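An overview of the molecular structure
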Amino acid sequence: MGKKPVKILFGTLLVYALLVATHLGEFWPLSIYPMFSQAGNPWSRAIVYEADPADTEIQWATIHEEELPDRVFPLDNIGLNTNDLANLLSKNTDWSRRRIQSIRRYFGDYLQGQSLVIYRVRGKYEDEGGENVVIEFTPYFYLMPDTTYVNPQLTEE
C-alpha cells in the first residue's frame, strides 16, 4: 500500500475520532445503532403523563412503573419526538428560566385545560449478569396551565 492511501485512511480515522469526541460519543453510524455503542449501559428516555387535577400536592420522589398515573400524554399530538425530549432532559444541567420556557412552548395550547408531568426515565441492569432491569421514573417538571414547577434537585448547585 502506498503512502497516499495510508494518509487518507489515517486522516479519515482522525476526523471520525474528533467528531465522536466532540459530540458526547454520538456520531453516525454508531449513534443510530445503540446495540454497538451503548449495549449494557444505563439508558435514559422521557415520558409525559397527564396530572390528576384533584391531586394538589407535588411529589418529587422517584417512582417505579406500577406507581405511574394511567393517562399518558401522546407527544405525537404536539409533533415532538420522545428521543428529542429525552436528549433535552439528559444533556442539560443548567435549567434557566429560558430553557424552562422552551419546554412549556412545546406543549402550548395543550396546557390550557390540563396539567402535565414530564418524567425522565432511567433504566439499568440491577445485577452484573444483566438478568434484571430496574426502571426509575423521576419527575422533572410539573406543567400547570399558568405555572411550571421544576424538580428542586435540578436547580440545586
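An account of the accompanying structure is given in this report. If you're wondering where the values come from, they're calculated on a predicted model, not measured in any experiment. (Residues numbered from 1 in each chain as written. Predicted model: local features only at pLDDT ≥ 70, side-chain atom pairs only at ≥ 80, totals over all residues. Heavy atoms only, no water.)

1. Here's the deal with the environment of Gly123
Among the secondary structure elements, Gly123 is positioned in strand E2 (residues 116-125). Taking relative accessible area as the criterion, Gly123 reaches 1% and is therefore assigned buried. In the structure, Gly123 is positioned 11 residues away from Val134 in sequence and 5.5 Å away in space, judged by C-alpha atoms. Here Gly123 is in contact with Pro42, Trp43, Val134 and Ile135, once residues within four sequence places are set aside. (Helix = DSSP H or I, 4+ residues; strand = E, 2+ residues; numbered from the N terminus. Buried < 20%, exposed > 50% of the residue type's maximum accessible area, 1.4 Å probe, protein only. Contact = heavy atoms within 4.5 Å.)

2. A few points about the nonpolar core
Residues Phe107, Ile118 and Phe141 are the most contacted members of the largest nonpolar core, which totals 21 residues. Those elements that provide at least two residues to this core are strand E1 (43-50), helix H3 (82-91), helix H4 (97-107), E2 and strand E3 (133-143). Beyond its immediate stretch of four places on either side in the chain, Ile118 contacts Ile47, Val48, Leu85, Leu89, Ile103, Phe107, Thr138, Pro139, Tyr140, Phe141 and Leu143. Residues Leu68, Tyr119, Tyr142 and Met144 belong to the second largest nonpolar core, which totals 10 residues. (Core = buried A, V, L, I, M, F, W, Y, C linked by side-chain atoms within 4.5 Å.)

3. Quick word on H3
An α-helix turns once every 3.6 residues. As a result, residues three or four positions apart point the same way. Along H3, the positions that sit buried rather than exposed are Leu85, Ala86 and Leu89. What you see down the axis of H3 is that its buried residues fit within an arc of 100°, all on one side. Structurally, H3 contributes buried residues whose contacts are with E1, H4, E2 and E3. (Arc of directions from axis to C-beta.)

4. Here we look at a nonpolar patch on the surface
A cluster of nonpolar side chains, namely Leu9, Phe10 and Leu13, defines an oily patch on the protein surface of about 320 Å² accessible area. Along the chain, the position of Phe10 falls in helix H1 (residues 3-22). By relative accessible area, Phe10 is classed as exposed at 55%. (Patch = residues over 30% accessible without salt bridge, like charges linked within 9 Å, V, L, I, M, F, W, Y side chains within 5 Å. Areas by Shrake-Rupley, 256 points an atom, 1.4 Å probe, with all protein chains shown as cover. Salt bridge = Lys/Arg side-chain N within 4 Å of Asp/Glu carboxyl O.)

5. So, the environment of Ala61
Along the chain, Ala61 turns up in the loop between E1 and H3. Ala61 sits in the partly exposed class, given a relative accessible area of 48%. For the pair Ala61 and Asn151, spaced 90 residues apart in sequence, the C-alpha to C-alpha distance is 9.3 Å.

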